[in-house]
Amino acid sequence: MGRSGCGKTTLLRIMAGLVPPTAGHVEIGGRALWHQETVDSSVIRRLGVVFQDSNLFPWYNIEDNIALPLRLRGVKKKERRDRVRELAELVGLENFLPNYPRELSGGMRQRVAIARALSDNPELLLMDEPFGALDALTREKMNMEIQRIALATRATVVFVTHDIDEAVALGDRVVHLTPRPGRIKDVVDVPLARPRGLEIKKDAAFHGLVGNLHTSLNEEDDHES
Ligand SMILES: Nc1ncnc2c1ncn2[C@@H]1O[C@H](COP(=O)(O)OP(=O)(O)OP(=O)(O)O)[C@@H](O)[C@H]1O
Ligand SMILES: [Mg+2]
């Protein structure tokens, strides 16, 4: 979590193997992701990525969009079909497999992107403001969905957001990033029980944590002035 321009996307892109770090190193499951400027593809295979825009292929239907990483990996057609069905059920889109992306709402398209990112059973799911473009109600619903999916797949999720409420509602740990240079200012543990429902936003402990993070954000402004 951090304000616009603090480096959240940059950090996530480094973790996803899309941009080499200028300093430091990334380890996933104890293995180095970067060797100088090249990525270790065996490490890349252990992660899935979802961006703000679902990036679906408009000329493929939902089934083929979800199946694409499996096809690229050479998984046989029958196995691919079974896995896609399972993933579509997980994200609640089993009735939309023959449809095309343009026939789906923004929230549904993001669920397709999540299913696709999960196709190879990643240990780590990287998400960059995946629901930023959705209306507030759909976004809350999707947040509950992602919690359910994370619990079902047992994947570790790194979720980028600039929304403090969202960070506390979803996270086990909230990392507060600050800009220029991108630095970790604070790491806040969120000891709220799971599964968490929408009613968590009425919880006093929830408000306490949100308040602490607000204070931390405001301190940033004090330093700048
Ligand atoms: N390829 C690049 N080359 C140079 N500077 C970049 C590059 N990409 C991003 N930046 C700069 O790095 C900083 C962090 O950008 P980044 O996109 O990571 O922020 P962010 O925290 O994701 O912001 P937002 O919440 O708006 O998405 C910004 O100052 C941006 O201008
Ligand atoms: Mg960003």
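Under an unreviewed UniProt entry, the name given to the chain is ABC transporter ATP-binding protein, and the source organism is Citricoccus parietis.

Caption draft 1: Seen up close, helix 5 (residues 106-118). If you check helix 5, its first and last C-alpha atoms are 19 Å apart, about what 13 residues at 1.5 Å a residue would give, namely 18 Å. The element helix 5 is extensively covered by neighbouring structure, given that eleven of its 13 residues are classed as buried. Contacts from the buried residues of helix 5 go to strand 5 (47-50), helix 3 (62-72), helix 4 (77-90), strand 6 (124-128) and helix 6 (136-153).

Caption draft 2: Seen up close, the UniProt feature "domain: ABC transporter" (unreviewed entry) in the chain. The UniProt feature table records "domain: ABC transporter" (unreviewed entry) at residues 1-200. Spanning residues 1-200, this segment combines 38% helix with 18% strand, and its end C-alpha atoms are found 19 Å apart.

Caption draft 3: View of the pairing of strand 6. Among the five residues that make up strand 6, five are buried, leaving the element largely enclosed by the rest of the structure. A two-sided burial pattern is seen for strand 6, the buried positions comprising L124, L126 and D128 on one face and L125 and M127 on the other. As paired strands, strand 5 and strand 6 are joined by four bridges and run parallel to one another. When the bridges of strand 6 are listed, V49 appears paired with L126. Bridging between strand 6 and strand 7 (residues 156-160) involves five bridges; their strand directions are parallel. Residue pairing across strands places L125 opposite V157, the latter belonging to strand 7. For the segment spanning strand 6, helix 6 and strand 7, crossover handedness is right-handed.

Caption draft 4: Quick look at a nonpolar patch on the surface. Taken together, the side chains of V175, I184 and V187 make up a nonpolar region of the molecular surface, amounting to roughly 240 Å² of accessible area. Following the sequence through the fold, I184 ends up in strand 9 (residues 183-189).

Caption draft 5: Structural view of the packing of aromatic side chains. This structure, assessed with the given rule, holds four aromatic pairs. Ring geometry for W59 versus Y60: centroids 6.2 Å apart, planes at 70°, classification edge-to-face. By relative accessible area, which is 58% here, W59 ends up exposed. Joined through ring pairs, the aromatic side chains of F57, W59 and Y60 make up one cluster.

What counts as what
Residues numbered from 1 in each chain as written. Chains lettered and ligands numbered in written order. Predicted model: local features only at pLDDT ≥ 70, side-chain atom pairs only at ≥ 80, totals over all residues. Heavy atoms only, no water. Helix = DSSP H or I, 4+ residues; strand = E, 2+ residues; numbered from the N terminus. Expected span 1.5 Å × (residues − 1). Buried < 20%, exposed > 50% of the residue type's maximum accessible area, 1.4 Å probe, protein only. Contact = heavy atoms within 4.5 Å. UniProt positions renumbered as here; feature names shortened; annotations may be inferred. Pairing = 2+ DSSP bridges. Right-handed = clockwise from strand over helix to strand, strands pointing away. Patch = residues over 30% accessible without salt bridge, like charges linked within 9 Å, V, L, I, M, F, W, Y side chains within 5 Å. Areas by Shrake-Rupley, 256 points an atom, 1.4 Å probe, with all protein chains shown as cover. Salt bridge = Lys/Arg side-chain N within 4 Å of Asp/Glu carboxyl O. Phe/Tyr/Trp six-rings, centres within 6.5 Å; stacked < 30°, edge-to-face > 60°.

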